[in-house]
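Remarks on the overall topology
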Amino acid sequence: VKVLENSRKPMIVKPPNWFCGIGIKLINKIEDIPLKESKMVVQEYIDNPFLIRGLKFDLRLYVLLTSIDPIKLYIYEEGLVRFATEEYTNNPEQISNNFIHLTNYSVNKESDEFVYNETPGDYSGHKWNLSTLWRYLSEVLCIDWRPVWEQTKEICLKTVLCGHQHIKREVASQIKSEYNCYKLLGFDVFFDANLKPWLLEVNNIPSLHADTIDSFVNRPMVAEMFNIVGFHVSKDVASKNQKAVSKKLGLEKLDISNIGFDEKMYSKMKADEDVNKQNKFMSDELSHEEYIENILDDISSSDARTIIRSEDELSQTVSWTRIFPTPSTHPYLQFLSSPSYPDQLLGAWEAEYGTNQEKREEGQKILRTLCKEKHHLKVPINKVNTEKTESRRAANKEDDQSTNKGDWMDIDMFRKFQ
């Protein structure tokens, strides 16, 4: 309010929990704020955008969170570039022209000026793929895009870290197994005239359109995402095809008797040695150097599961890039209210074995030895049974709750439909 009163600076108003540009408007007067009982998001409007051919644009980027404890975060190297359809101006008389100020595809496709881009890689139309933008900056404008991309990735990482405590609390209260728990997020990022990236918003359920440019980006993105997440063959299917699959993949030589899902690999239950080790490292005031030097000396069964899952995910990346953890991201742990033991463990592993491919293979050799000994599957039997019982109770509880309309309708994403 003070900003509007003192400078008449444009602000952008958004209704929460909506999508596709619905309800978004620019204002420069307090009286233009919609009079509604529901909450509204009011943001300062950045009025010096970086322009291409006179048009404002933003990016839709895809970020994958496969775990919150430890944090494992990836960004897709492709994305979408969405253009406004009318030449940019700061003229106050054009403040209500959404074809100038908004870059949402759902808004601009209604413009008579909108042109579909049917050829990925072309400098045409009002939607490009991200690599086309990088090539345009490099070849046409002679701008090195790599520092800009690194700053953009940093924004995505810091955004997730800001919500870390809340996400971790919710996951801990609702998730009983670490198998197949992931989140795909859509980050909307904007570049100002100095190519400084700004976060516009994070989309909880990013749309995946079937248009030419979208399909070019989204189809391989989703396929690789599923590889990273790591869906397993179910026990029933595995038991029926055990011999054929084992023979085809040469698993018989490795003495692998079960090719199906094994819940022990994703168990949150810990043996006494795991608990003792974690208590020791979380109670001691150790520096990063001391962690690296000591935490990997004796890899417990729980340690092994955490590291194996991390390496397994990373092995599936082609166009997805892990942005946390990496050998250089340990300083970011200081921004967490309380870095967990698994975060410290993976931080130490990456610092020790993630600096180059030779070191990575050295670490994987250690993991293969532990796997042959089935060290990673050592979970107390009584705790496994307890975990199964708790999972069944949780599932039954969810089934009971799903029949209560009042409960699920109270979730934020459904409120607007009431």
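Everything here concerns the structure above.
In this report, the structure presented in the accompanying data block is examined. (Residues numbered from 1 in each chain as written. Predicted model: local features only at pLDDT ≥ 70, side-chain atom pairs only at ≥ 80, totals over all residues. Heavy atoms only, no water.)

Moving on, we get to the packing of aromatic side chains. Throughout the structure, instances matching the rule amount to 21 aromatic pairs. Between Trp128 and Tyr136 the ring centres are 5.5 Å apart and the planes differ by 55 degrees, which places this aromatic pair in the tilted class. Each member of the pair Trp128 and Tyr136 is classed as buried. By the ring-pair criterion, three or more aromatic residues cluster together here, those being Phe50, Phe57, Phe83, Tyr123, Trp128, Trp134, Tyr136, Trp145, Trp149 and Phe191. It is Lys127 that lies over the ring of Tyr105; its NZ or CZ is 3.7 Å from the centre. Across from the ring centre of Phe281, 4.6 Å away, lies the NZ or CZ of Lys280, which sits over that ring. (Phe/Tyr/Trp six-rings, centres within 6.5 Å; stacked < 30°, edge-to-face > 60°. Buried < 20%, exposed > 50% of the residue type's maximum accessible area, 1.4 Å probe, protein only. Lys NZ or Arg CZ within 6 Å of the ring centre and 35° of its normal.)

Now for the layout of surface pockets. Reported here for the second largest pocket is a volume of approximately 1300 Å³. Every element with two or more residues in the lining of the second largest pocket is listed here: helix H9 (242–249), helix H12 (301–315) and helix H14 (357–372). Partitioning the lining of the second largest pocket into residue classes produces 14 nonpolar, 8 polar and 8 charged. (1 Å grid on protein atoms, 1.4 Å probe; cavity = no way out; pocket = protein on both sides within 12 Å on 5 of 7 lines; lining within 4 Å. Points joined across faces, edges and corners; volume = space filled by probe spheres on them. Helix = DSSP H or I, 4+ residues; strand = E, 2+ residues; numbered from the N terminus. Nonpolar A, V, L, I, M, F, W, Y, C, P; charged D, E, K, R; others polar.)

This structure, assessed with the given rule, holds 1 cavity of 30 Å³ or more. Of the pockets and cavities examined, the largest cavity occupies roughly 50 Å³. Together, Ile71, Phe324, Pro325, Thr326, Thr329, His330, Leu333, Asp343, Leu346 and Gly347 line the largest cavity. No other element matches the 3 residues that helix H13 (residues 341–353) contributes to the lining of the largest cavity.

Before going further, it helps to examine a negative patch on the surface. Where like charges cluster on the molecular surface, the negative patch consists of Asp272, Glu273, Glu289, Glu290, Glu293, Asp297 and Asp298. Elements represented by at least two residues in the negative patch include exactly helix H10 (272–283) and helix H11 (288–294). Ranked by the residues each element gives to the negative patch, the list is headed by H11, at 3 residues. Here Asp298 is to be found in the loop between H11 and H12. Overall, the relative accessible area of 54% leaves Asp298 in the exposed class. (Patch = residues over 30% accessible without salt bridge, like charges linked within 9 Å, V, L, I, M, F, W, Y side chains within 5 Å. Areas by Shrake-Rupley, 256 points an atom, 1.4 Å probe, with all protein chains shown as cover. Salt bridge = Lys/Arg side-chain N within 4 Å of Asp/Glu carboxyl O. Lys, Arg positive; Asp, Glu negative; His and termini not counted. Charge placed at Lys NZ, Arg CZ, Asp CG, Glu CD.)

For the rest of this paragraph, the subject is the pattern of salt bridges. Tallying each qualifying case throughout the model produces 16 salt bridges. Between Lys153 and Glu150 there is a salt bridge, with the nearest N and O atoms lying 3.0 Å from each other. One end of the pair is Lys153 and the other is Glu150, both in helix H5 (residues 146–162) and 3 residues apart, which spans about a single turn. Glu150 sits in the partly exposed class, given a relative accessible area of 46%. Across the pair Lys359 and Glu352 runs a salt bridge, and its minimum N-O distance is 3.8 Å. A network of salt bridges, in which partner residues are shared, links Asp58, Arg60, Arg82 and Asp188.

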